[in-house]
Amino acid sequence: MKAGLWIGLAALPLCACTPGYPRLPPLPDKAPPFSTADAAFLQQANEHDLTQIALSKLAVDHARATEVKDLAQTTQKNYEAHRKTLATLASKHDLTLTETPLANDQATIDRVSHLHGPAFDKAYVTALRDESQANQTAIASAAGTKDSDLKSAATGLQKLDEQAISSAYSWMPKLAVRKTHKAAR
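Residues numbered from 1 in each chain as written. Predicted model: local features only at pLDDT ≥ 70, side-chain atom pairs only at ≥ 80, totals over all residues. Heavy atoms only, no water.

The name an unreviewed UniProt entry gives the protein is DUF4142 domain-containing protein, with Asaia spathodeae as the organism.

This is the structure in structure tokens:
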């Protein structure tokens, strides 16, 4: 027993001489917290994207004009890419985005989904324009944010909406002419 005690006492100084553990790297900076307005914009932008995507998906089967189908494919691709940007931004701030459009947007989608051919073309382009115009106030609300990623997402959404509005306005006269021209026959 004495020998074990002497060995333990002799080993004690060796324990004190062990090198220290390496320092842990600093934790990554957490994104600054969102304000309520920032989170509200993020949710509104997501719901807007969902509505535009749903409307565009309908055009594959319901649209008559190939140009409207092409517009819908481009619109769907652009808004899906924007929605991925929003999802990335939301995950940085521990937010979850909804997967379904709002009730009034769903009503618009349902109304348009019952149409086919030229009636769908006109209703789709009108809904695309109206939805994009309605979203402009939400984009304006994001102008005062301090989060640079959110500002760039709002700017990207504004550009997408401007493209949708200009495409819709360029198609409105063509759709009206087709209807008038068809009635003249």
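Anyway, onward from the coordinates.
Engineer: Just give me the short version of the overall build of the protein, but keep the residues and values in it.
Structural biologist: Of regular secondary structure, the protein possesses seven helices and zero strands. Moving toward the C terminus, one meets the helices and strands of the protein in the order α-α-α-α-α-α-α. By the burial criterion, 36% of the 185 residues in the protein qualify as buried. Contacts spanning at least 24 positions in sequence make up 81% of the contacts within the protein whose residues lie at least 6 apart. (Helix = DSSP H or I, 4+ residues; strand = E, 2+ residues; numbered from the N terminus. Buried < 20%, exposed > 50% of the residue type's maximum accessible area, 1.4 Å probe, protein only. Contact = heavy atoms within 4.5 Å.)

Engineer: Lay out the packing of helix 2 (residues 36-62) against helix 5 (residues 117-134) with the relevant residues and their values.
Structural biologist: Following both chains from N to C, one finds helix 2 and helix 5 inclined at 165°, their axes separated by 11 Å at the closest point. One finds that helix 2 runs roughly antiparallel with respect to helix 5. Regarding helix 2 and helix 5, the two cross each other, and that crossing is left-handed. Here H48, T51, Q52, L55, S56, L58, A59 and H62 of helix 2 come into contact with helix 5, specifically with G117, F120, Y124, A127, L128, E131 and S132. (Axes fitted to C-alpha atoms, helices over the stretch in contact; angles between N-to-C directions. Parallel < 35°, antiparallel > 145°, perpendicular 65-115°, else oblique. Left-handed = near helix turned anticlockwise from the far one by under 90°.)

Engineer: Residues and numbers for the packing of aromatic side chains, please.
Structural biologist: On inspection of all chains with the given rule, the structure shows one aromatic pair. With centroids separated by 5.8 Å and ring planes inclined at 10°, the aromatic side chains of F120 and Y124 adopt a geometry described as stacked. With F120 and Y124 both in helix 5 and four residues apart, the pair spans about one turn of that helix. Across the pair, Y124 and F120 agree in class, each one buried. (Phe/Tyr/Trp six-rings, centres within 6.5 Å; stacked < 30°, edge-to-face > 60°.)

Engineer: Report on the side chain of T75, specifying residues and quantitative values.
Structural biologist: Tracing the backbone shows T75 in helix 3 (residues 66-92). Once residues lying within four places of it in the same chain are set aside, the contact partners of T75 are S56, Y124 and L128.

Engineer: A description of the layout of surface pockets should follow, citing residues and the corresponding values.
Structural biologist: By volume, the second largest pocket amounts to about 170 Å³. Forming the walls of the second largest pocket are Q44, E47, H48, L102, N104, D105, E131, A134, N135, T137 and A138. Sorting the residues of the lining of the second largest pocket by element identifies helix 2, helix 4 (103-113), helix 5 and helix 6 (136-141) as the ones contributing at least two each. Here the lining of the second largest pocket gets three residues from one element, more than from any other, and that element is helix 2. Here the residues of the lining of the second largest pocket sort into three nonpolar, five polar and three charged. (1 Å grid on protein atoms, 1.4 Å probe; cavity = no way out; pocket = protein on both sides within 12 Å on 5 of 7 lines; lining within 4 Å. Points joined across faces, edges and corners; volume = space filled by probe spheres on them. Nonpolar A, V, L, I, M, F, W, Y, C, P; charged D, E, K, R; others polar.)

Engineer: With reference to specific residues and values, describe the packing of helix 2 against helix 3.
Structural biologist: At a minimum axis distance of 8 Å, the contact between helix 2 and helix 3 shows a crossing angle of 150°. The orientation of helix 2 relative to helix 3 falls into the category roughly antiparallel. Crossing hand, helix 2 versus helix 3: left-handed. Packed against helix 2, whose contacting residues are L42, A45, N46, H48, D49, L50, Q52, I53, S56, K57, A59 and V60, the element helix 3 presents K69, A72, T75, Q76, Y79, E80, H82, R83, L86, L89 and A90 at the interface. When grouped by side-chain class, the residues that make up the contact of helix 2 with helix 3 number 11 nonpolar, seven polar and five charged.

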